[in-house]
Amino acid sequence: MKRALFPGSFDPITLGHYDIVCRALDLFDEIVVAIGVNNDKNYMFSIEERKTFIEKAFADKPKVKVTTYQGLTVDYCKEIGASFILRGLRNPADFEFEKAIAHTNRKLSKIETVFLLTASSTSYISSSIVRDVIRNNGDYTVLVPSSVVVNPK
C-alpha cells in the first residue's frame, strides 16, 4: 500500500491544503493528514477543532485519515507505515524551506518527500493569512473548506 503522510499544524486547514490532498488521492492508496503537536506554539484553534475541521472536509474521501502526532515526522511515518511525506509548494521560498527538511528526513530515514505545486487559484493562501482575516473579522470562508467554522468568543 502506498501511504503518504501530509503533516502540518493546519491552524486552520485552507483551500490550498484541501487541494493538495485531493490531487494527491490519485497518487496514493491512503493519505494521512497528521496534525503535529507543538506545545511551544500558540494556536488559534484547539487540536480537537482542527481535527474536526479536517475530518469534516474529507468526510466523503475514504482514502483520507486524520490523526495527531508528536515528535519527528519521520518517526511517525515509520510508526504508521507511511513511505512518503506529502508537501505542497506555493512559491520558491516554500521550496527552499521544504527542500532542507526533505533532505534531513531522507538522511534520517528512507522516506521520500513528494512535492505538489499548489493550484494558482490557492497559491496565495496560508493559515497565517486566514488567522489574520479571522482576527480582523474578514470573510475567511473564501479561503477555507466549509468545515472551518469560527465561533465568536
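Everything below is about the structure shown above.
Residues numbered from 1 in each chain as written. Predicted model: local features only at pLDDT ≥ 70, side-chain atom pairs only at ≥ 80, totals over all residues. Heavy atoms only, no water.

Q: What am I meant to see in the overall build of the protein chain here?
A: Counting its regular elements, the protein chain contains five helices and five strands. Helices and strands in the protein chain line up, N terminus first, as β-α-β-α-β-α-β-α-β-α. Taken over the C-alpha trace, the protein chain has a radius of gyration of 15 Å; the compact-globule value for 153 residues is 15 Å, and the two agree within 12%. By its C-alpha atoms, the protein chain is 45 × 35 × 30 Å across when sized along the principal axes. Pairs at least 24 residues apart make up 77% of the contacts formed inside the protein chain by residues separated by at least 6 positions. Working note: accessible area of the protein chain is about 8,500 Å², and carbon and sulfur atoms make up 53% of it. (Helix = DSSP H or I, 4+ residues; strand = E, 2+ residues; numbered from the N terminus. Rg over C-alpha atoms; globule rule 2.2 N^0.38 Å. Contact = heavy atoms within 4.5 Å. Areas by Shrake-Rupley, 256 points an atom, 1.4 Å probe, with all protein chains shown as cover.)

Q: Just to check I follow, could you spell out the environment of Val142 for this structure?
A: Structurally, the position occupied by Val142 is in the segment after helix H5 (127–135). Note on Val142: relative accessible area 52%, which makes it exposed. Taking the C-alpha atoms as reference points, Val142 and Leu25, separated by 117 residues in sequence, lie 23 Å from one another. (Buried < 20%, exposed > 50% of the residue type's maximum accessible area, 1.4 Å probe, protein only.)

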